[in-house]
Amino acid sequence: MEHPEADPANLHSVSNQDDQVRLGLLAGKSREALVALRRRTPASPLIESKVLSALTGARVLLKCDQMLPTGAFKFRGAFNKLVSLPEARREMGVITASTGNHGLAIATVAAEMGIAATIHAPEQASSAKLEAIRALGASVVLHAADPLTIELEARRISERTGQVFVSPYNDLDVIAGQGTCGLEIIDEAQVDAVVLSVGGGGLLCGVGAVLRTECPKAELVAVWPENAQSLFHSMRAGRAVEVEEFPTIADGTAGGVEPGSVTISLAGEIAPRSAVVPERDIASAMVLLARDERLIVEGSAALAVAGLRSCAPRLKGKTVAVILCGRNISYEKFEQVFTAGKGE
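Colleague: Can you lay out the overall build of the chain for me, pointing to particular residues and giving the numbers?
Modeller: Summing up its helical and strand segments, the chain has 15 helices and 10 strands in all. Computed over its C-alpha atoms, the radius of gyration of the chain comes to 18 Å, within 12% of the 20 Å expected for a compact globule of 344 residues. Considering only C-alpha atoms, the chain reaches an extent of 55 × 50 × 40 Å along its principal axes. Counting every position in the chain, which comprises 344 residues, the buried fraction comes to 60%. Contacts in the chain between residues at least 24 apart in sequence constitute 73% of all its contacts with a sequence separation of at least 6. Across the chain, 34 positive and 40 negative side-chain charges occur, with their mean positions spaced 4 Å apart.

Colleague: Give a detailed account of the nonpolar core, specifying residues and quantitative values.
Modeller: By size, the foremost hydrophobic cluster in this structure holds 82 residues, and its most contacted members are Leu62, Val194, Val207, Val322 and Leu324. Once you skip the residues sitting within four places of it in the chain, Leu62 turns out to touch Pro45, Leu46, Ile47, Ser49, Leu52, Leu289, Leu295, Val322 and Leu324. Membership of the second largest hydrophobic core comes to 26 residues, among which are Ala36, Phe75, Ala121 and Val166.

Colleague: Please give an account of the sheet that holds strand E5 (residues 139-143) that cites residues and values.
Modeller: Spatially, the four strands line up as an open sheet ordered E5-E4-E3-E6, and their pairing is parallel. Each edge of the open sheet is held by one strand with a lone partner, namely E5 and strand E6 (164-165). Both strand E4 (residues 117-122) and E5 contribute to a ladder of five bridges, which runs parallel. The partner of Pro122 across the bridge, within E5, is His143. Each of E4 and E5 touches helix H6 (residues 127-135); the most contacted strand, E5, lies at about 150° to it.

Colleague: Talk me through the environment of Leu82; I want residue IDs and the actual numbers.
Modeller: For Leu82, the location among the structural elements is in helix H3 (residues 74-84). The spatial distance from the C-alpha of Leu82 to the C-alpha of Glu226 is 33 Å, given a sequence separation of 144 residues. Here Leu82 is in contact with Arg90, Val94, Ile106, Val109, Ala110, Met113, Ile115 and Val166, once residues within four sequence places are set aside.

Colleague: For unusual backbone geometry, give the residues involved together with the corresponding values.
Modeller: The backbone of Ala271 shows a phi angle near 50°, a positive value even though the residue is not glycine. Secondary-structure assignment places Ala271 in the loop between helix H11 (262-270) and strand E9 (273-277). Positive phi, normally seen in glycine, also occurs at Arg294, with a value near 55°. Among the residues examined, Arg294 registers a relative accessible area of 65% and is labelled exposed.

Colleague: Describe the packing of H3 against helix H5 (residues 101-113), listing the residues and the values that go with them.
Modeller: One way to put it is that H3 packs onto H5 with a least axis distance of 8 Å and a crossing angle of 40°. Taken together, H3 and H5 sit at an angle that is classed as oblique. Crossing handedness for the pair H3 and H5: right-handed. Where H3 approaches H5, its residues Lys74, Phe75, Ala78, Phe79, Leu82 and Val83 are matched on the opposing element by Asn101, His102, Ala105, Ile106, Thr108, Val109, Ala110 and Met113. Of the residues in the contact of H3 with H5, the class split is 10 nonpolar, three polar and one charged.

About the cut-offs
- Residues numbered from 1 in each chain as written.
- Predicted model: local features only at pLDDT ≥ 70, side-chain atom pairs only at ≥ 80, totals over all residues.
- Heavy atoms only, no water.
- Helix = DSSP H or I, 4+ residues; strand = E, 2+ residues; numbered from the N terminus.
- Rg over C-alpha atoms; globule rule 2.2 N^0.38 Å.
- Buried < 20%, exposed > 50% of the residue type's maximum accessible area, 1.4 Å probe, protein only.
- Contact = heavy atoms within 4.5 Å.
- Lys, Arg positive; Asp, Glu negative; His and termini not counted.
- Charge placed at Lys NZ, Arg CZ, Asp CG, Glu CD.
- Core = buried A, V, L, I, M, F, W, Y, C linked by side-chain atoms within 4.5 Å.
- Pairing = 2+ DSSP bridges.
- Axes fitted to C-alpha atoms, helices over the stretch in contact; angles between N-to-C directions.
- Parallel < 35°, antiparallel > 145°, perpendicular 65-115°, else oblique.
- Left-handed = near helix turned anticlockwise from the far one by under 90°.
- Nonpolar A, V, L, I, M, F, W, Y, C, P; charged D, E, K, R; others polar.

Written out as structure tokens, the structure is:
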């Protein structure tokens, strides 16, 4: 469901010159990041969805970041962060906290570059993802705690050991890397709007900075699951706030926001239009993508499609890019969601 009355655009203005300069500098970093990324991997596909176009009345383009190395957009930020490190910092090793996709991306790039990596994760994280991370040579440390608590602990450890802490979202190099997704979209197609899922805000801020700088007339729609809205409320408050969250199919978006995170202020400056969708709509979107587009994606990617459908009347007649952010879901979980989603 779209919530224009709760839209941060009503609370934060992007007309401030200092804000525009900051977003412009970030977009410039994304341009630099894209040059380096292109030497490693081609752009992810941008394909037209005739099914979603027919359902919404818009021309819908799917940005298939689930086809990137490691199966998620997180590869962009991890790659940009690690290639940006001076040699002396690389030798110290890197440390991060992740429930899966970010950790897998860090482990992959670190292995390619010969950097020692330690990944802190919750005990309930996907066993398949954890085994994949270990297989790449990274160390995995499990915690009986929530994602934000683990993130804060990993940062504290890095301060003691000298390892480079790589936040999944609270890092300008990571955010600039995520912004390369937005650049690939606008370099390939003229779009009126971009729809994306939001967790900690790295993708939102990276793509948002690019759009506000290079394609200012394009609308940005940020989508949250009803069960996990930490950044949404933090963005409105202008600071990190505690929000009660519940289990969500879009588990990659779950978890609190680090106090002082740069994504809070950046998201306020970008001021996206916001949509919040229920679990049943996320499941339904996963079914639609699998059944009609033959695309298997995780819940966080289906979340963006659910958000598109909730905004469909207002986007009719426009060209809209929807970012599919990842595909890393176990068969068992996918089967469970697919069975439930078919009932919608």
